[in-house]
Amino acid sequence: MLQPLFALLSFSHATFTQEVILVIGVVITLLGTKFCWSAPRYRMSMEEHAKDGKITEEEARRKIDRQNWFGPLVILIGLALIGYALLK
């Protein structure tokens, strides 16, 4: 009686896992895209904070540099998850 249920769960388990990884990869890729698109606004904001004296110029530069590599890194992680899900 439970045998068909176990067969269904074991058959769809790998597919379900792939779908979850694929969805997470797409969400992470979209998040990275948002970071890349908002980078110019973030840069202007940090420059204004530095001009106003709220943060030092060095700290603003560090934050801008971090933002410049963080967006593309998040996109690459998302694409790696998508590739892993599709090749699995």
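Residues numbered from 1 in each chain as written. Predicted model: local features only at pLDDT ≥ 70, side-chain atom pairs only at ≥ 80, totals over all residues. Heavy atoms only, no water.

1. Re the pattern of salt bridges
Our working rule: For this analysis, a salt bridge means a side-chain nitrogen from Lys or Arg found within 4 Å of a carboxyl oxygen belonging to Asp or Glu. Here a strand is any run of E in DSSP of at least two residues, a helix any run of H or I of at least four, and the numbering for each starts at the N terminus. Categorising residues by exposure relies on relative accessible area from a 1.4 Å probe, with only protein chains included: less than 20% of the type maximum marks a residue as buried, more than 50% marks it as exposed, and the intermediate range marks it as partly exposed.
Evaluation of the coordinates by the stated rule reveals five salt bridges. Between Arg43 and Glu47 there is a salt bridge, with the nearest N and O atoms lying 3.3 Å from each other. Residue Arg43 and its partner Glu47 are located together in helix 1 (residues 3-52), separated by four residues, close to a single helical turn. Exposure remark for Glu47: the relative accessible area of 35% places this residue in the partly exposed category. In this structure, the salt-bridge partner of Glu58 is Arg62, at a minimum N-O distance of 3.4 Å. Within this pair, Glu58 and its partner Arg62 are both found in helix 2 (residues 57-87), separated by four residues, close to a single helical turn. Judged by its relative accessible area of 56%, Glu58 falls in the exposed class.

2. Concerning the nonpolar core
For clarity, the threshold we go by: Definition of nonpolar core: a set of buried residues of the types Ala, Val, Leu, Ile, Met, Phe, Trp, Tyr and Cys, connected through side-chain atoms within 4.5 Å. The contact criterion used throughout is that any non-hydrogen atoms of two residues lie within 4.5 Å.
One finds Met46, Ala50, Ile55, Ala60 and Ile64 forming the largest nonpolar core, which totals five residues. Those elements that place two or more of their residues in this core are helix 1 and helix 2. In contact with Ile55, other than residues within four places in its own chain, are Met46, His49, Ala50 and Ala60.

3. Examining the packing of aromatic side chains
This is how it is decided: Here a pair means two rings of Phe, Tyr or Trp (six-membered ring of Trp) with centres within 6.5 Å. Their orientation is stacked below 30 degrees between planes, edge-to-face above 60, and tilted elsewhere.
Enumeration over the complete set of coordinates arrives at two aromatic pairs. Pairing Trp69 with Phe70 gives two aromatic rings, centres 6.3 Å apart and planes at 75°, and the pair type is edge-to-face. On the basis of relative accessible area, Trp69 is assigned to the partly exposed category, the value being 49%. A relative accessible area of 32% places Phe70 in the partly exposed class. Here the aromatic cluster, defined as three or more aromatic residues joined through ring pairs, consists of Phe35, Trp69 and Phe70.

Fair warning: the whole summary comes from geometry, so function is off the table for now.
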